[in-house]
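# Descriptive structure summary
Here is what each chain is made of, one letter per residue.
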Amino acid sequence: MVAPGPNGPRFTDVGRLVVRCPDRPGIVHALSGVMTEFGANITDSQQHSSDPSGGIFTLRLEFVLAGLAGRRAELEKRLTVLAGEWRMVWRLTEASHRPTLAVFVSRTDHVLQELIYRVRAGDLRADIACVVSNHRDLEPVAQAAGIPFHHVPVTPETKGEAEARALELVGEVDLVVLARYMQIVSADFCNRFPERLINIHHSFLPAFVGANPYQAAHDRGVKLIGATAHYVTPELDAGPIIEQEVARVDHRATVEDMRRVGRYVERQVLAQAVTWHVEDRVIVEGPRTIVFA
Ligand SMILES: Nc1nc2c(c(=O)[nH]1)N[C@@H](CN(C=O)c1ccc(C(=O)N[C@@H](CCC(=O)O)C(=O)O)cc1)CN2
């Protein structure tokens, strides 16, 4: 990230462009040519070709363009022309935009607390618009942080209505985070936030899918536990993985020991995934992601 500041560019002049298209020679030249046309200075560029013999090309540019907001429409018009020529899918964002998050929780607070801390510290450039929970345990946490808290109880019989109520309360946000929210969400919920719904699963996927992975890990006698942040799909814990981490345990670890050690892994993994997402560093390619960290 370009370091804005007294000697750096104005934050409002920093833009990001993410591009995906069929891979062929000349793409980088064409894109950098457009940047040059507008007098934009490319400050960071990362790219990936899925197959050297011709697959999918993915690129992420950071650039500085004086008066970006006022020239955005003109730049988007030019990129639209280029996209037609190269069959590109593209996304342009202004680094000064602070994405809004809705965070869904149940009873455990460590992941929510991590997000609140990182927003307050300025490490996560986003704003938590609301917290939604099927329990009231974490209402004091949200209130202490000045974040609206919505209690939406869920029972097997009322799951559909509860989800509709939650979505109505959330409204339009940039990203929804399931921060140890212990409810399986519907396909409709997933489709409302395509590639904008992130879950933290408390195991090193694909191991131990489901609601109680630490018990399953203990029963299996693992020597490593872990956490996985992934985009949410209707299939449980099977969405594209964004970030993972593991921690060592041994024969002395109880299930509670695993939960305690795992909490520190979960909070780090989820916060890193959300940070990369809001910085436009994660691109979904089929069942996997490309992360331009
Ligand atoms: N559609 C999806 N929904 C959710 C996913 C997902 O990948 N796709 N991840 C889960 C999180 N999770 C594990 O990380 C998880 C949460 C809950 C359950 C579960 O069986 N819940 C029961 C109710 C349990 C209860 O009431 O205490 C259920 O929903 O019927 C499994 C895995 C979040 N949602």
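It should be emphasised that the depicted structure is a prediction, and the values quoted were computed from it without experimental measurement.

Taken together, the neighbourhood of the ligand is formed by 20 residues, with Lys159, Gln183, Val185, His201 and Asp237 sitting nearest. Between an oxygen atom of the ligand and a side-chain N or O atom of lysine 159, the distance comes to 2.6 Å. Here valine 185 contributes a backbone N or O atom positioned 2.8 Å from a nitrogen atom of the ligand. Contact with the protein chains covers 76% of the free accessible surface of the ligand, which is 710 Å². For the shell around the ligand, the element with the most residues is strand 9 (residues 197-201), which contributes three residues. Grouping the constituent residues of the shell around the ligand by class yields 11 nonpolar, six polar and three charged.

Core analysis: the biggest nonpolar cluster contains 44 residues, and Ile128 and Val274 have the highest contact counts within it. Considering each element in turn, this core owes the most residues, nine residues, to helix 8 (residues 255-278). Residues contacting valine 274, with those up to four places away along its chain left out, are Leu101, Leu115, Leu124, Leu175, Val177 and Ile198.

With that settled, consider the environment of isoleucine 225. Note on placement: isoleucine 225 falls in strand 10 (residues 224-231). When its relative accessible area of 3% is taken as the criterion, isoleucine 225 is described as buried. For isoleucine 225, the contacting residues outside a window of four places in its chain are Tyr214, Glu245, Val246, Ala247, Val249, Met258, Val261 and Gly262.

Turning next to the sheet that holds strand 11 (residues 241-248). One open sheet holds the seven strands; their spatial order is 7-6-5-8-9-10-11, and the pairing between them is mixed. What marks the edges here is a single partner per strand, and that holds for strand 7 (149-151) and strand 11. In this sheet, neighbouring strand axes are inclined to one another by 15 degrees on average, regardless of whether the strands run parallel or antiparallel. Relative to strand 10, strand 9 runs antiparallel, the two being bridged by four bridges. Within strand 10, the residue paired with histidine 201 across the bridge is threonine 228.

Next up on the list: the environment of glycine 54. Within the secondary structure layout, glycine 54 lies in the loop between strand 2 (41-49) and strand 3 (56-64). Taking relative accessible area as the criterion, glycine 54 reaches 43% and is therefore assigned partly exposed. Between the C-alpha atoms of glycine 54 and valine 19, which are 35 residues apart in sequence, the distance is 16 Å.

Okay, the domain arrangement of the chain next. Per the domain assignment, the segments of the chain are domain 1 (11-94) and domain 2 (100-291). Between the C-alpha centres of domain 1 and domain 2 there is a distance of 31 Å. With 13 residues of domain 1 at the contact, the number on the domain 2 side is 10 residues. Interface of domain 1 and domain 2: buried area, both sides summed, is about 930 Å²; carbon and sulfur atoms make up 47% of it.

On to the sheet that holds strand 3. Within a sheet, neighbouring strands are paired by backbone hydrogen bonds and run either parallel or antiparallel to one another. Across the sheet, which stays open at both edges, the four strands sit in the order 2-3-1-4 with antiparallel pairing between neighbours. This sheet does not close on itself; its edge strands, each paired only once, are strand 2 and strand 4 (89-94). Adjacent strand axes in the sheet meet at a mean angle of 10 degrees, parallel and antiparallel pairs treated alike. Of the pairings in the sheet, the one linking strand 1 (residues 14-22) to strand 4 comprises six bridges and is antiparallel in character. Bridging from a neighbouring strand, valine 19 pairs with tryptophan 90 of strand 4. This element, helix 1 (residues 27-37), spans strand 1, strand 2 and strand 3 of the sheet and lies at about 25 degrees to strand 3.

Our focus in this paragraph is a nonpolar patch on the surface. Together, Ile184, Val209 and Leu236 make up an exposed nonpolar region whose accessible area comes to about 250 Å². Turning to its location among the elements, valine 209 is positioned in the loop between strand 9 and helix 7 (213-220). Of the residues examined, valine 209 reaches a relative accessible area of 45% and is grouped as partly exposed.

In this structure, valine 28 sits in helix 1. The class of valine 28 is partly exposed, set by a relative accessible area of 37%. Those residues within four positions of valine 28 in sequence are excluded, and the remaining contacts are Gln47, Phe57 and Leu59.

The rules behind each value
Residues numbered from 1 in each chain as written. Predicted model: local features only at pLDDT ≥ 70, side-chain atom pairs only at ≥ 80, totals over all residues. Heavy atoms only, no water. Near = heavy atom within 4 Å. Polar contact = N/O pair within 3.5 Å; in protein donor to acceptor, adjacent residues only side chain to side chain. Areas by Shrake-Rupley, 256 points an atom, 1.4 Å probe, with all protein chains shown as cover. Helix = DSSP H or I, 4+ residues; strand = E, 2+ residues; numbered from the N terminus. Nonpolar A, V, L, I, M, F, W, Y, C, P; charged D, E, K, R; others polar. Core = buried A, V, L, I, M, F, W, Y, C linked by side-chain atoms within 4.5 Å. Buried < 20%, exposed > 50% of the residue type's maximum accessible area, 1.4 Å probe, protein only. Contact = heavy atoms within 4.5 Å. Pairing = 2+ DSSP bridges. Axes fitted to C-alpha atoms, helices over the stretch in contact; angles between N-to-C directions. Domains from an automatic or database assignment. Buried area = accessible area lost by both parts, 1.4 Å probe. Patch = residues over 30% accessible without salt bridge, like charges linked within 9 Å, V, L, I, M, F, W, Y side chains within 5 Å. Salt bridge = Lys/Arg side-chain N within 4 Å of Asp/Glu carboxyl O.

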